[in-house]
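Here are the chains, one letter per residue:
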Amino acid sequence: MTIAVSPQALPALVLNADYRPLSYYPLSLWSWQDAIKAVFLDRVNIIAEYEHSVCSPSFSMRLPSVVSLKTYVQPTRNPAFTRFNVFLRDKFECQYCGSPEDLTFDHVIPRAHGGETTWENVVAACSPCNLRKGSKLPKQAGMHPHQAPYRPTVQDLHNNGRLFPPNYLHESWMDYLYWDTELQP
């Protein structure tokens, strides 16, 4: 799964005051309009620029390609328990068969058996596996998740997010992104 980024939209990579991206997945990007507004409101420093400019009758400015916030934003310590974050923790794969298609989530211990909707009991599952397991316990269904569900840290989610780079990365962003894999041209 990749996030679609249009190079023609000239987005700006947004870094925290410590020069790290605010998030890796989705990659912290602002539209060029939001980046310009933040510059004029004196909320960011321009780190790198595109060749393109915007002009008014009395002013011309190159579009920022990388900006850093002037004030540090404290990252959350505990990621929100959301469907997206469950999928990201499980690397967008069904935990029973490995399929990336038609994902939903499954209660490992079904709610009918007292299972709760928590990090420690929910995994990503494709619809066919979820239907096949139904409200059976893993042993009854003969289906055990590849990875036991767990509460991820923000770092866990960042690391997994790096596995899914956007379809486009501008060359000026590369010094601020620490992807673990070599990118295709």
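Residues numbered from 1 in each chain as written. Predicted model: local features only at pLDDT ≥ 70, side-chain atom pairs only at ≥ 80, totals over all residues. Heavy atoms only, no water.

The phi dihedral of Leu10 is positive, around 50°, even though this residue is not glycine. Looking at where Leu10 falls in the secondary structure, it is placed in the segment before strand S1 (12–15). Look at Leu10 and you get buried, because its relative accessible area is 12%. (Helix = DSSP H or I, 4+ residues; strand = E, 2+ residues; numbered from the N terminus. Buried < 20%, exposed > 50% of the residue type's maximum accessible area, 1.4 Å probe, protein only.)

Of the pairings in the sheet, the one linking strand S3 (residues 44–56) to strand S4 (residues 59–69) comprises nine bridges and is antiparallel in character. Paired with Glu49 across the strands is Pro64, a residue of S4. Following S3, the chain reverses through two residues before pairing antiparallel with S4. (Pairing = 2+ DSSP bridges.)

Here the protein is partitioned into domain 1 (12–69) and domain 2 (83–152). Taking only C-alpha atoms into account, the centre of domain 1 sits 39 Å from that of domain 2. (Domains from an automatic or database assignment.)

Evaluation of the coordinates by the stated rule reveals five aromatic pairs. A centroid spacing of 5.1 Å and a plane angle of 80° characterise the contact between Phe92 and Phe164, whose relative ring orientation is edge-to-face. Here Phe164 lies in the segment after helix H5 (154–161) and Phe92 lies in the loop between helix H2 (83–89) and strand S5 (103–107), a separation of 72 residues in the sequence. Residue Phe92 is classed as buried on the basis of its relative accessible area, which comes to 6%. Residue Phe164 is classed as buried on the basis of its relative accessible area of 13%. (Phe/Tyr/Trp six-rings, centres within 6.5 Å; stacked < 30°, edge-to-face > 60°.)

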